[in-house]
Amino acid sequence: MPTQDELLDILVIGSGIGGLTAAALLQQQGFRTAVFEKNRFPGGSCSSFSRSGYTFDAGASVFYGFAEDGLSGTLNLHAKIFRKLGVSVPTVPDPVQIHYHLPGGFSLAACYDRTLFLDRLQEAFPHEREGILKFYAELEDVYDILSSLPAGSLEDIGHLLRVCGSFPLKTGALALKTFQSMGKRARRHISDPALLHFIDIEAYSWALQDAVSTPLVNAGICLADRHHGGINYPLGGSGAIAGGLVEGFERCGGEMRYGREVSEILVDNGSATGVRLSDGSLIRARAVVSNATIWDTFNHLVDDDRYRIPMDRFIEAPSWFQLYLGVDASVVPEGLNVHHVLVDDWSRFSDSGGTIYCSIPSLLDPSLAPSGRHSVHAFVTDRADDWAQWERGSDEYRARKDVRTRELLQRLESLMPGISRGCELTLSATPFTHQRYLNRHNGSYGPLLRPGQNILTKPQNATPVRNLYLTGDSTFPGQGVIAVTYSGVSCASFIAAKFRRPIQPLG
Ligand SMILES: Cc1cc2nc3c(=O)[nH]c(=O)nc-3n(C[C@H](O)[C@H](O)[C@H](O)COP(=O)(O)OP(=O)(O)OC[C@H]3O[C@@H](n4cnc5c(N)ncnc54)[C@H](O)[C@@H]3O)c2cc1C
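These figures come from a predicted structure and were not determined experimentally.

Thresholds applied
Residues numbered from 1 in each chain as written. Predicted model: local features only at pLDDT ≥ 70, side-chain atom pairs only at ≥ 80, totals over all residues. Helix = DSSP H or I, 4+ residues; strand = E, 2+ residues; numbered from the N terminus. Rg over C-alpha atoms; globule rule 2.2 N^0.38 Å. Buried ≥ 20, exposed ≤ 12 C-beta atoms within 10 Å, placed from the backbone. Contact = placed C-beta atoms within 7 Å. Near = placed C-beta within 6 Å. Nonpolar A, V, L, I, M, F, W, Y, C, P; charged D, E, K, R; others polar. Domains from an automatic or database assignment. Pairing = 2+ DSSP bridges. Axes fitted to C-alpha atoms, helices over the stretch in contact; angles between N-to-C directions. Arc of directions from axis to C-beta. Core = buried A, V, L, I, M, F, W, Y, C linked by C-beta atoms within 7 Å. Parallel < 35°, antiparallel > 145°, perpendicular 65-115°, else oblique. Left-handed = near helix turned anticlockwise from the far one by under 90°.

Trainee: Can you help me understand the overall build of the protein in this one?
Mentor: Within the protein, the regular secondary structure consists of 14 helices and 20 strands. Compactness check: the protein gives a C-alpha radius of gyration of 22 Å against a globular reference of 23 Å for 507 residues, within 12% of the reference. In terms of its C-alpha atoms, the protein occupies a principal-axis envelope of roughly 65 × 60 × 40 Å. Taken across its 507 residues, the protein has 53% of its residues classed as buried. Across the protein, every contact between residues at least 6 apart in sequence was considered, and the portion connecting residues at least 24 apart equals 71%.

Following this line, the structure appears as structure tokens:
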């Protein structure tokens, strides 16, 4: 265990999937690495927790990247990393990425079978047959490119030269596509407003932005890979991904330090030298990796105004109001898919609370709920500001939570009739809960780019402070478990190359 007298090679702040991925790869490469996590469990937004016999996904439930296909370049990173670490994380195929329930009674399941998905969409919009095929073919082009290029750091000139040299046409094509927006490309092929709304919700459901604001490259991963590598659910819940990374990390000699909150990143002469923990102790390291958000890192942990992140540099994504429900199986209709997105009114889908997300992972893994029951996670966007007037834990705060809970349950009745009365266990979490558990500024989903900003302008892993690196959803390519895994890979690759112990591309 590191003490005040010891010097670590790498000190990672936070055990989100970005932090754990970077830590595991660096430790395996021979860097002496320790992860300091404020909670007593790993995974951050991708952790599980149990109550009264139910296991819930704290955040993420839809997972990419588990296909056992060694030829998939930047994709299938979970499978590649677990193979490299020698760890097994069993999964079950999740046949539908999202079942959409949209205004006007339009309902469509984005299923694994691409032909079936496109046939159903074309049946609903027969006058847009050609446009649908052309638009989704553009996403397929992005997929083809990304599945050829090895994952690595875009800041590592050696990596860039190798990739450009081996795949000159594909890297050139990808560079051009980074300037394109998903929604603008859709509008070149499609004009029906209802179909464009569908394209919007295809973006919003994971990017929290409409299609015009969403980079084509990100869409090319999420909306194409669901039909290739597919969606797979880790047995035991989302925490199994973090658990697998911790297992691999510790097996290589890495140290997890739970219940240890970093209160300050120590910067000496423009260079990070270690951290101060909330108990006052100091830990020194040759490099510090922060898995906290860019706002929490530079506006709280680094105590130097020169590095402040202006709040208008990014769009601040909203936070969430979440319900974790233990329900009687009788409220879950036969044949119900696992993941759902519900919109009642297109004029409000991107407003706070306008879109409902709901997952029932115990349909895939019955061990997540007692016999005859299901575990349900339902959530809507929400803002910390809208809760600021009530003191947390006060009667008014609790009353407000109860009102929001009843409203959300009522809106879920169309999906699971009887759910309002069928809950054996009801837990609710506000934006403050999210902020408090994960130290995320305002409990936000993270920084988003402004419409039209090139995806490559998202922060990379290096920062203005020497030897301080960022990983996680504040960095390229952005939010989502597979995205932060990429960020962890690129962070580890960049640091390892810098310290002249380069990591071989994942195979
Ligand atoms: C409700 C919800 C649903 C989602 N659904 C999906 C989905 O279905 N599919 C998908 O792919 N993605 C989904 N996501 C997004 C995905 O979960 C996140 O983008 C991703 O997990 C973020 O990972 P991260 O590495 O950035 O770190 P985080 O998850 O933010 O974890 C950071 C960790 O650092 C710790 N930490 C922070 N500051 C300190 C400090 N000072 N000292 C010590 N420890 C600290 C925190 O406690 C936390 O454990 C969802 C997110 C939410 C909130």
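So much for the structure itself; the text now carries on.
Trainee: How should the site of the ligand be read in this particular structure?
Mentor: Residues in close proximity to the ligand total 37 residues, the closest being G14, G16, G18, G44 and G472. Of all the elements in the fold, those that place two or more residues in the shell around the ligand are α1 (17-28), β2 (33-37), β14 (319-328) and α14 (481-498). In the shell around the ligand, the residues fall into 15 nonpolar, 16 polar and six charged.

Trainee: Is there a simple way to explain the environment of G274 in this structure?
Mentor: Here G274 is to be found in strand β11 (residues 271-277). What makes G274 buried here is the crowd of 23 C-beta atoms within 10 Å. Each C-alpha atom of the pair G274 and V12 lies 9.9 Å from the other, and the pair is 262 residues apart in sequence. Ignoring anything within four residues of it in the chain, the contact list for G274 reads L11, L266, L282, I283, R284, A285 and V288.

Trainee: Teacher, can you tell me more about the domain arrangement of the protein here?
Mentor: How big an interface is tends to be stated in terms of the accessible area lost upon association of its parts. Partitioning the protein into structural domains gives domain 1 (7-47 + 67-90 + 234-313 + 449-498), domain 2 (113-232) and domain 3 (318-443). The C-alpha-based centres of domain 1 and domain 3 are spaced at 28 Å. Contacts between the two partners involve eleven residues from domain 1 and, on the opposite side, eight residues from domain 3. Residue classes in the side of domain 1 that touches domain 3 are distributed as three nonpolar, six polar and two charged.

Trainee: Where do I start with the sheet that holds strand β17 (residues 373-382) in this structure?
Mentor: Strand pairing in a sheet takes place through backbone hydrogen bonds and is either antiparallel or parallel in direction. Across the sheet, which stays open at both edges, the seven strands sit in the order β7-β6-β15-β16-β17-β14-β18 with mixed pairing between neighbours. With one partner strand each, in any of the chains shown, β7 (106-111) and β18 (423-429) form the two edges of the open sheet. Here the average twist between neighbouring strands, direction ignored, is 15 degrees. As paired elements, strand β6 (residues 96-102) and strand β15 (residues 339-343) share three bridges and run parallel to each other. For H99, the partnering residue across the bridge sits in β15 and is H340. Sheet strands in contact with helix α8 (residues 193-207) are β6, β15 and β16 (355-359), and its direction is about 130 degrees off that of β6.

Trainee: Looking at this structure, how should I read the pairing of strand β10 (residues 262-268)?
Mentor: Where a strand is regular, its side chains alternate between the two sheet faces. Pairing of β10 with β11 involves six bridges; the strand directions are antiparallel. Paired with V262 across the two strands is L277, which belongs to β11. In textbook terms, the turn of a hairpin is the stretch between consecutive antiparallel strands, and for β10 and β11 this stretch comprises two residues, one of which, N269, has a positive phi near 55 degrees.

Trainee: When you look at helix α7 (residues 182-189) in this model, what are you seeing that I'm missing?
Mentor: Within an α-helix, residues lying three or four positions from one another point in the same direction, as the helix has 3.6 residues per turn. Within α7, the full set of buried residues consists of M182, G183, R185 and A186. Down the axis of α7, the sector holding all buried residues measures 160 degrees, keeping them to one side.

Trainee: When you look at the pairing of β6 in this model, what are you seeing that I'm missing?
Mentor: Across six bridges, β6 lies against β7 in antiparallel orientation. For L102, the partnering residue across the bridge sits in β7 and is F106. Hairpin connection between β6 and β7: a loop of three residues separates the two successive antiparallel strands, and G104 in this loop has a positive phi of roughly 80 degrees.

Trainee: Mind showing me how you'd approach the nonpolar core here?
Mentor: As a rule of thumb, soluble globular proteins bury nonpolar side chains together. Ranked by internal contacts, the top residues of the largest apolar core, which has 143 residues, are I10, L11, V288 and A378. Of all the elements, α14 adds the most residues to this core, at eleven residues. With near-sequence residues (within four places) excluded, V288 lies in contact with L11, I13, I265, A272, G274, V275, N467 and L468.

Trainee: Explain the environment of L26 here, please?
Mentor: If you trace the backbone, L26 turns up in helix α1. Residues L26 and S493, 467 residues apart in the sequence, show an inter-C-alpha distance of 8.1 Å.

Trainee: Looking at this structure, how should I read the packing of α7 against α8?
Mentor: The description of two helices packed together rests on the angle between their axes and the distance between the axes. Axis separation between α7 and α8 bottoms out at 11 Å; the angle between their running directions is 155 degrees. One finds that α7 runs roughly antiparallel with respect to α8. Remark: the crossing between α7 and α8 carries right-handed chirality. Seen from α7, the contacting residues are M182, G183, A186 and R187; seen from α8, they are L196, I199 and A203.

Trainee: Would you mind showing me how to read unusual backbone geometry here?
Mentor: What is expected of a backbone is that most residues other than glycine have negative phi and most peptide bonds are trans. Note the cis peptide between F476 and P477, where omega equals 0 degrees. The residue N76 is not glycine, and still its phi comes out positive at about 55 degrees. In this fold, N76 is placed in the loop between β4 (54-57) and α2 (77-85). Unlike most non-glycine residues, N439 shows phi in positive territory, near 50 degrees. Note that N439 resides in the loop between α13 (431-438) and β19 (447-448). What makes N439 buried here is the crowd of 21 C-beta atoms within 10 Å.

Trainee: Honestly, the environment of S474 in this entry has me stumped. Any pointers?
Mentor: Along the chain, S474 turns up in the loop between β20 (468-470) and α14. Between the C-alpha atom of S474 and that of A124, which follows or precedes it by 350 residues, the distance is 37 Å. Once residues within four sequence positions are removed from consideration, S474 is found in contact with T293, I294, G446, P447 and P459.

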